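Residue-level structural notes
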Amino acid sequence: MKPKVYVARKVPPEVKAYLTEHCDCEFWESRERPGRERFFAAIADVEGLLTAGTPVNDELLDHAPRLRIVSNVSVGYDNFDVEAMKRRGVMGTHTPGVLDDTVADLTMALILAAARRVAELDRLVRKGGWVKGMDRELFGVDVHHATLGIIGMGRIGEAVAKRARLGFDMEVLYHNRSRKPEAEARYGAVYVPLDELLARSDFVVVLTPLTPETKKMIGREQLARMKPTAILVNVSRGAVVDEAALIEALRNGTIRGAALDVFEQEPVHPDNPLLTLDNVVLLPHIGSATERTRTAMAMLAARNLVAGLKGEVPPNLVPELKDLAPGRPV
Ligand code: NAP
């Protein structure tokens, strides 16, 4: 008998076919979320769950007593309560690697958009605000040969460093908990303490995972250390940056601007003051959102799920749950 799984996210046809071949699937097809009651009813007797962003905590696990594996269609897995999953022996997987270039492309788009005021000036042209003789008012700042500080030089961070260094002749600084000799050798990236990175960078890109340690890692104090001409780019998770402190910094000129793909609350609340500021570029969490990459992510997530349900070691079990791999002594 095939294992029962719930696919809580719309997946491309080839992924659907693969999952159906190996599992007894229920698919959630709508764009709207299923709603609590319906979702909990749907997972009551499943062994596998494919999702993105659903909090996998004690409450969810209480409603899914037969669950053996949760497969995230994302590289970030801050939705996993890994301690709760460990206690119940539920594996969790993610999709690292297949999205690096796509997210790095978007990061460069945000850097360029904020530096050259692309979204702001697009709005100006549309509103008929482009009048003859405009010059200085439209100036931006250069990206090429500027200094880029990457907080979180991991897989995506390195793909950003490559673009910045080889494409834009930027000087690359980075900060991690540990050094990354490959990035230093390949892209001349220089490891510096966080405060030094903040003080020296023209662009600060945040690319850490969201963890208890990185939550609000960029707050008022860190923003105050940045140059008044600097631009903050957040592509990681909204909660890594203290949004209230960022809004204050954007309003009072502590920094020049920001570009955000992620927010403390998603979708952004219509009353969020960020929506009223011209010196911030806002995107609806689309870092990995291209057809090809989202398909690759969904297929990888499906393969992780099926491997786990077959009793194999899923290729992308998250590091904190490695001890739950089949065959490992408990
Ligand atoms: P990764 O390879 O694990 O890289 C994360 C980096 O962050 C590592 O180099 C790690 O280095 C560093 N780090 C972790 N904790 C830190 C801390 N407390 N202080 C400083 N550095 C720290 O992950 P990735 O694949 O590049 O993805 C990074 C994150 O991007 C994901 O977790 C996700 O949240 C986000 N993301 C967003 C989108 C989007 O659509 N906007 C798409 C994909 C990913 P050390 O371990 O040495 O500290």
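The structure this text deals with has already been given above.
Residues numbered from 1 in each chain as written. Predicted model: local features only at pLDDT ≥ 70, side-chain atom pairs only at ≥ 80, totals over all residues. Heavy atoms only, no water.

Right, let's get into the overall build of the chain. Secondary structure assignment for the chain yields 12 helices and 12 strands. In terms of overall dimensions, the chain is globule-like: its C-alpha atoms have a radius of gyration of 22 Å, near the 20 Å expected for 330 residues. Reported as C-alpha extents along the three principal axes, the dimensions of the chain are approximately 75 × 45 × 35 Å. Counting every position in the chain, which comprises 330 residues, the buried fraction comes to 51%. The contacts of the chain with a sequence gap of at least 6 include a subset with a gap of at least 24, amounting to 61%. Just so you have it, the chain exposes about 16,400 Å², and 52% of that area is on carbon and sulfur atoms. Positive and negative charge centroids in the chain, built from 44 and 45 side chains respectively, lie 2 Å apart. (Helix = DSSP H or I, 4+ residues; strand = E, 2+ residues; numbered from the N terminus. Rg over C-alpha atoms; globule rule 2.2 N^0.38 Å. Buried < 20%, exposed > 50% of the residue type's maximum accessible area, 1.4 Å probe, protein only. Contact = heavy atoms within 4.5 Å. Areas by Shrake-Rupley, 256 points an atom, 1.4 Å probe, with all protein chains shown as cover. Lys, Arg positive; Asp, Glu negative; His and termini not counted. Charge placed at Lys NZ, Arg CZ, Asp CG, Glu CD.)

In the vicinity of the ligand, 25 residues are found, and the nearest of them are Arg155, Ile156, Arg177, Ser178 and Asp261. Taking Arg177, its main chain carries an N or O atom lying 2.7 Å from an oxygen atom of the ligand. At 3.3 Å, a side-chain N or O of His285 approaches an oxygen atom of the ligand. Residue composition of the shell around the ligand, by class: nine nonpolar, 11 polar and five charged. (Near = heavy atom within 4 Å. Polar contact = N/O pair within 3.5 Å; in protein donor to acceptor, adjacent residues only side chain to side chain. Nonpolar A, V, L, I, M, F, W, Y, C, P; charged D, E, K, R; others polar.)

With that out of the way, let us pick up the sheet that holds strand β9 (residues 203-206). What the seven strands build is an open sheet, ordered β8-β7-β6-β9-β10-β11-β12; its pairing is parallel. Because the sheet does not close on itself, it has two edges, and the strands there are β8 (190-191) and β12 (280-282). Here strand β6 (residues 147-151) pairs with β9 via four bridges, running parallel. Following the sheet pairing, Gly149 is matched in β9 by Val204. This element, helix α5 (residues 100-115), spans β6, β9, β10 (231-234), β11 (257-260) and β12 of the sheet and lies at about 150° to β10. Each of β10, β11 and β12 touches helix α11 (residues 243-252); the most contacted strand, β11, lies at about 140° to it. (Pairing = 2+ DSSP bridges. Axes fitted to C-alpha atoms, helices over the stretch in contact; angles between N-to-C directions.)

For the rest of this paragraph, the subject is the sheet that holds strand β2 (residues 24-27). If you trace the five strands from one edge of the open sheet to the other, you get β2-β1-β3-β4-β5, paired in parallel fashion. Edge positions in the open sheet fall to β2 and β5 (91-93), since each of these has one partner strand only. Going across the sheet, the axis of each strand differs from the next one's by a mean of 15°, ignoring polarity. Strands in contact with helix α1 (residues 13-22) are β1 (4-7), β2 and β3 (48-51); relative to β2, the strand with the most contacts, it is inclined by about 140°. Of the strands in this sheet, β1, β3, β4 (69-72) and β5 are in contact with helix α12 (residues 291-309), which crosses β4 at around 170°.

Mapped onto the elements of the fold, Thr295 is located in helix α12. With near-sequence residues (within four places) excluded, Thr295 lies in contact with Pro12, Glu14 and Val15.

Tracing the sequence through the fold places Leu60 in helix α3 (residues 58-63). For the pair Leu60 and Leu106, spaced 46 residues apart in sequence, the C-alpha separation works out to 33 Å. Not counting chain neighbours up to four residues away, the residues in contact with Leu60 comprise Phe39, Phe40, Ile43, Leu49, Thr54, Pro55 and Leu67.

Two numbers describe how α5 lies on helix α7 (residues 155-168): the axes approach to 8 Å, and their chain directions differ by 55°. On the basis of their axis angle, the class for α5 and α7 is oblique. Once α5 is placed against α7, the crossing between them reads as right-handed. Within the contact between the two elements, α5 uses Asp100, Asp101, Val103, Ala104, Asp105, Thr107, Met108 and Leu112 and α7 uses Arg155, Ile156, Ala159, Val160, Arg163, Ala164 and Phe168. (Parallel < 35°, antiparallel > 145°, perpendicular 65-115°, else oblique. Left-handed = near helix turned anticlockwise from the far one by under 90°.)

As a further point, take the packing of α1 against α12. For the pair α1 and α12, the least separation of the axes is 9 Å and the interaxial angle reads 10°. It follows from the interaxial angle that α1 and α12 lie roughly parallel. Residues Glu14, Val15, Tyr18, Leu19 and His22 of α1 pack against Thr295, Ala298, Met299, Ala302, Arg303, Leu305 and Val306 of α12. The residue makeup of the contact of α1 with α12, split by class, is eight nonpolar, two polar and two charged.

Geometrically, the link from Glu266 to Pro267 is a cis peptide bond, its omega value of -10° lying close to zero. For Pro267, the location among the structural elements is in the loop between β11 and β12. One non-glycine residue, Lys216, lies in positive phi territory at about 50°. For His285, which is not glycine, the phi torsion reads 50° and is therefore positive.

For the rest of this paragraph, the subject is the packing of aromatic side chains. Under the definition given, this model contains four aromatic pairs. Considering the side-chain rings of Phe39 and Phe40, the 5.8 Å spacing of their centres and the 45° angle between planes classify their relative orientation as tilted. By relative accessible area, which is 10% here, Phe40 ends up buried. The interplanar angle of 40° and the centroid separation of 6.1 Å between the aromatic rings of Tyr77 and Phe80 together place this pair among those described as tilted. (Phe/Tyr/Trp six-rings, centres within 6.5 Å; stacked < 30°, edge-to-face > 60°.)

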